[in-house]
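# Observations on the model geometry
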There are 2 protein chains.
Amino acid sequence: MTPFFDVRMKGFRDRKTVVEVVELLQVRSRPVESEFIRPAAGRVLVEFIESPVNVPAFARAAMDGYAVRGEDTFGADPNNPVPLAVIGSALPGVAFDGTVGAGQAVRIMTGAPLPAGADAVLPVELTVSFGAGSVSDGSVSATEAVPPGRHVGRIGEDVREGQEVLPDHRVLRPQDIGMLSAIGVDEVEVVGIPKVAILTTGNELLPPFSTPVGYHITDANTPMLEALVTRDGGQILPSERVEDQYEAVRDAIKNCDADVILISGGSSVGAEDHAPRAVAELGELLAHGVALRPASPTGFGVVDGKFVFLLPGNPVSCLCAYDLFAGPFIRNLGGRNWDMPYRTVELPAKSKIVSAVGRVDYVRVKVAKRLVEPLAVSGASILSTAVFADGFVLIDQDSEGVPPGGMVTVYLYD
Amino acid sequence: MTPFFDVRMKGFRDRKTVVEVVELLQVRSRPVESEFIRPAAGRVLVEFIESPVNVPAFARAAMDGYAVRGEDTFGADPNNPVPLAVIGSALPGVAFDGTVGAGQAVRIMTGAPLPAGADAVLPVELTVSFGAGSVSDGSVSATEAVPPGRHVGRIGEDVREGQEVLPDHRVLRPQDIGMLSAIGVDEVEVVGIPKVAILTTGNELLPPFSTPVGYHITDANTPMLEALVTRDGGQILPSERVEDQYEAVRDAIKNCDADVILISGGSSVGAEDHAPRAVAELGELLAHGVALRPASPTGFGVVDGKFVFLLPGNPVSCLCAYDLFAGPFIRNLGGRNWDMPYRTVELPAKSKIVSAVGRVDYVRVKVAKRLVEPLAVSGASILSTAVFADGFVLIDQDSEGVPPGGMVTVYLYD
């Protein structure tokens, strides 16, 4: 790697492009160690799953009604009901012991095993009862024909033994959990949950949610980053405030037991920005300075196998750097894809979106009447823009901006 | 209300349309009782939030560099650097005590209070140092002009005291949490979390994730519903298996302390389907039987202020009824909007999607090469279709289906 260049009070010598940083991160990213758990939605399978059983394991009724020989109902219609002798009943989990013969029917509930002899289920809606009018043994008449096989769930109809039911790398959905339950798979190997530590520097910071006093401001980044990491499937380790002092920052990085360390603040080119030097001393500082507005002071490095992100202290820059780099990386460590977890829409710009060639612009926008309008292209550092915005647009570094009417992709915050 | 009509072994007398059931649910839906909590992402604000403070509360540097009088830098360029005398420094949380006069500069870090006299920040990138070449007190030269106000965060620039920062009904995002922290709002009133009980009936059912044996099948619905309810912001109460016996079902409903009761199975027209009668006896059965495939035996009622959903025992019907009715209702009780939490895409059908006039069809589909293909339009009851599908399409009850090339809205499961 290139020798460490101390940018403090000198500015970045050269900035990496957003694409370069993403490529660098993708090379380093690999899922964290797997674990075996009871299936749970949102977790990511390591291996594909084959069913150990047939579902259903027996032929069963798919409707409430009567198990019959289909051919016995041929010719039935409401004006010409075909009578059948009801010889018993089959319930879910409780089979009928005998055999259904010609002209016979067994009352059957959805899910009950189909009795021997029967090959179809005549739904209750296609019957009339005479005599007592009750549903007890007696007779019932078909008002419509059901061909053999109708309303019968065949063995293995849903899933066959040995069939792949879920692919590897699947992010488990609620219905997947139902499926794994149905086939009796009570333990699956899933990608582990990345452990993420947040180290916050800044002597001017007051603890989260406290009232700002004097020249001190309240830490916004720690609770914001906790929410972002949780959303992206990471586990937050107890957050730590670190003194703006070189040894303190260095030791906090060194002693932290996490897969990912997010350092909020102290990442820029000011005299108090110790984190880049600490990462370079302890391990490798792979990027520092990105052609990105806001969030140019973002950095990334590796220390003892821990991935360290240097995030700007400014909250909206911090959000931007997290969205573009740390978030996808954490999702990826957890087995998820690199994409940002935002819905996107393609819409025209209402007014010009200004950008500069040579950097990516992360522009917060409002969407109204299916038109996209930038918020505060000046004050790039203003958190309220990210709060008031419906989403953001990324303007490519080769672009001078977007003219009115130009189509843009909006990443929706909701 | 209409007198209870016992549909057991007779079939539904008349089915409500999907739209009728949704309207009926929307009339009954109201957010559960609010609570006061530390701001947390995903929770829903009851009231709008006004900022009690200005952010920033003081003029501050938006860049690392030097606090200057902007006019002093006029005319500076790289070939004509303008020297400034560095008279001190300002750090975040630590103000410079003096006043910046003509030709003077104070070294300043991002976030530090702007000293008296200064009206702009000269970024470190726009300076050269001579002499010791260090960043200590001495002199620095501007290589570009900065107009007054440049790189200065004005008082209230981000948020003004009294300004509405978040609207009511807001589902809190990570940056909203950052904002609430920044303005020192450590407690907000949010819609409570709906408590949801899952009562599962079916004597044929084995506990979730156990190996199916004989004519018994393993309960898929309980763990699937738990995952769905969790996704939709509900709190799952300990799930309960209920015997297929009228008094057991009735007492379980009566004794259940929940906002919403999901009854899985026993909701149809079979002799063992006790739940509809129990709801009618204990309270009001407002709907039973919906023109919807699958999931026609879905029902809804109210018992002692508890909302009771009768969900089909068949897993894919259960998923369908949950997606269309119970899920939106639970989201709504939690203060969220009625929409299903699925991304949608508009795409053409690859092949014909079959439907029947008079009912809504919930058709699981694959999406490949931006074409939509239905899975298993027969086997409506097959859970694997919902597992293998990328999403689903709803075919309106007035439609006979969609021809090849017809545009459909796909609700994506991912």
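### Notes on helix 5 (residues 275–282) of chain A
An α-helical turn contains 3.6 residues, so any two residues separated by three or four positions project in the same direction. Among all positions of helix 5 of chain A, only A:Ala275, A:Pro276, A:Ala278, A:Val279 and A:Ala280 are buried. Where helix 5 of chain A is buried, its residues touch helix 4 (246–255), strand 18 (260–264), strand 19 (284–288), strand 21 (299–303) and strand 22 (306–311) of chain A.

### Structural notes on the interface of chain A and chain B
Contacts between the two partners involve 77 residues from chain A and, on the opposite side, 77 residues from chain B. Those elements giving two or more residues to the side of chain A that touches chain B turn out to be strand 11 (164–166), helix 2 (174–182), strand 15 (217–218), helix 3 (221–231), helix 6 (315–333) and helix 7 (383–388) of chain A. Take the side of chain A that touches chain B: its biggest share by element is 9 residues, from helix 2 of chain A. Residue composition of the side of chain A that touches chain B, by class: 42 nonpolar, 21 polar and 14 charged.

### Section: unusual backbone geometry
Residue A:Pro56 is reached from A:Val55 by a cis peptide bond, and omega for that bond is -5°. Tracing the sequence through the fold places A:Pro56 in the loop between strand 2 (49–50) and strand 3 (60–61). In this chain, B:Arg293 is followed by B:Pro294 through a cis amide linkage whose omega measures -5°. Counting through the fold element by element, B:Pro294 comes out in the loop between strand 20 (292–293) and strand 21 (299–303). Phi angles above zero are rare outside glycine, and A:Asp304 is one such case at about 50°.

### Remarks on the nonpolar core
Counting residues in hydrophobic clusters, the biggest one holds 90 residues, and the most contacted among them are B:Ile261, B:Leu262 and B:Phe309. The element contributing the most residues to this core is helix 6 (residues 315–333) of chain B, with 12 residues. Listed in part, the 89 residues of the second largest apolar core include A:Ala252, A:Ile253, A:Cys320 and A:Ala349.

### Side note on the packing of helix 3 of chain A against helix 2 (residues 174–182) of chain B
Between helix 3 of chain A and helix 2 of chain B, the shortest axis-to-axis distance is 7 Å and the interhelical angle comes to 160°. Between helix 3 of chain A and helix 2 of chain B, the interaxial angle falls into the category roughly antiparallel. The element helix 3 of chain A and its partner helix 2 of chain B pack so that their crossing is right-handed. Of the residues in helix 2 of chain B, those touching helix 3 of chain A at A:Asn221, A:Pro223, A:Met224, A:Ala227, A:Leu228 and A:Arg231 are B:Pro174, B:Gln175, B:Ile177, B:Gly178 and B:Ser181. Residues belonging to the contact of helix 3 of chain A with helix 2 of chain B are distributed by class as follows: 6 nonpolar, 4 polar and 1 charged.

### Topic: the relation of the copies chain A and chain B
Expressed as a screw operation, the relation of chain A to chain B combines 0.0 Å of axial shift with a rotation of 180°, fitting to an RMSD of 0.0 Å. Each copy turns onto its partner about a two-fold axis. Identified as the residue of chain A closest to the rotation axis by C-alpha distance is A:Arg343, at 3.6 Å. Interface residue correspondence from chain A to chain B reaches 100%, placing this contact among same-surface, isologous pairings.

### Structural notes on the domain arrangement of chain A
If you check the domain split of chain A, you get domain 1 (18–33 + 194–333), domain 2 (36–54 + 159–191), domain 3 (60–153) and domain 4 (343–412). Using only C-alpha atoms to locate each centre, domain 2 of chain A and domain 3 of chain A end up separated by 36 Å.

### Some words on the confidence of the model for chain A
Here chain A averages 91 in pLDDT, and 92% of its residues register 70 or above. Both scores are given for the predicted complex: the pTM is 0.90, the ipTM 0.90.

### Some words on the sheet that holds strand 6 (residues 104–108) of chain A
Strand-to-strand pairing in sheets goes through backbone hydrogen bonds, with the strands running parallel or antiparallel. Residue and element names in this part refer to chain A. Taken in spatial order, the 6 strands of this open sheet run 7-4-6-5-9-8, and their pairing is mixed. A single partner strand is all that each edge strand has here, and the edge strands are strand 7 (120–123) and strand 8 (127–129). For this sheet, the mean angle separating the axes of adjacent strands, direction not counted, is 40°. As judged from the 5 bridges shared by strand 5 (residues 82–90) and strand 6, these two strands associate in the parallel manner. Within the sheet, the bridge partner assigned to Ala 90 lies in strand 6 and is Ile 108.

### What to know about the packing of helix 3 of chain A against helix 6 of chain A
Residues and elements named next belong to chain A. Two numbers describe how helix 3 lies on helix 6: the axes approach to 11 Å, and their chain directions differ by 25°. Between helix 3 and helix 6, the angle is such that the two are roughly parallel. The two elements helix 3 and helix 6 cross, and the hand of that crossing is right-handed. Between helix 3, through Asn 221, Met 224, Leu 225, Leu 228 and Val 229, and helix 6, the contact on the second element is made entirely by Pro 315, Cys 318, Leu 319, Tyr 322, Gly 327 and Ile 330. Split by residue class, the contact of helix 3 with helix 6 holds 9 nonpolar, 2 polar and no charged.

### Overview of the sheet that holds strand 6 (residues 104–108) of chain B
Residues and elements named next belong to chain B. Strand order in the open sheet made by the 6 strands is 7-4-6-5-9-8, with mixed pairing throughout. In this open sheet, the two strands that pair with only one neighbour each are strand 7 (120–123) and strand 8 (127–129). Sheet twist, expressed as the mean angle between neighbouring strand axes with direction ignored, is 40°. Across 4 bridges, the pairing between strand 4 (residues 65–68) and strand 7 is antiparallel. Bridge assignment links Gly 65 to a residue of strand 7, and that residue is Pro 123.

How each quantity is defined
- Residues numbered from 1 in each chain as written.
- Chains lettered and ligands numbered in written order.
- Predicted model: local features only at pLDDT ≥ 70, side-chain atom pairs only at ≥ 80, totals over all residues.
- Buried ≥ 20, exposed ≤ 12 C-beta atoms within 10 Å, placed from the backbone.
- Helix = DSSP H or I, 4+ residues; strand = E, 2+ residues; numbered from the N terminus.
- Contact = placed C-beta atoms within 7 Å.
- Nonpolar A, V, L, I, M, F, W, Y, C, P; charged D, E, K, R; others polar.
- Core = buried A, V, L, I, M, F, W, Y, C linked by C-beta atoms within 7 Å.
- Axes fitted to C-alpha atoms, helices over the stretch in contact; angles between N-to-C directions.
- Parallel < 35°, antiparallel > 145°, perpendicular 65-115°, else oblique.
- Left-handed = near helix turned anticlockwise from the far one by under 90°.
- Least-squares fit on C-alpha atoms with pLDDT ≥ 70 in both.
- Domains from an automatic or database assignment.
- pLDDT = per-residue confidence, 0-100.
- Pairing = 2+ DSSP bridges.

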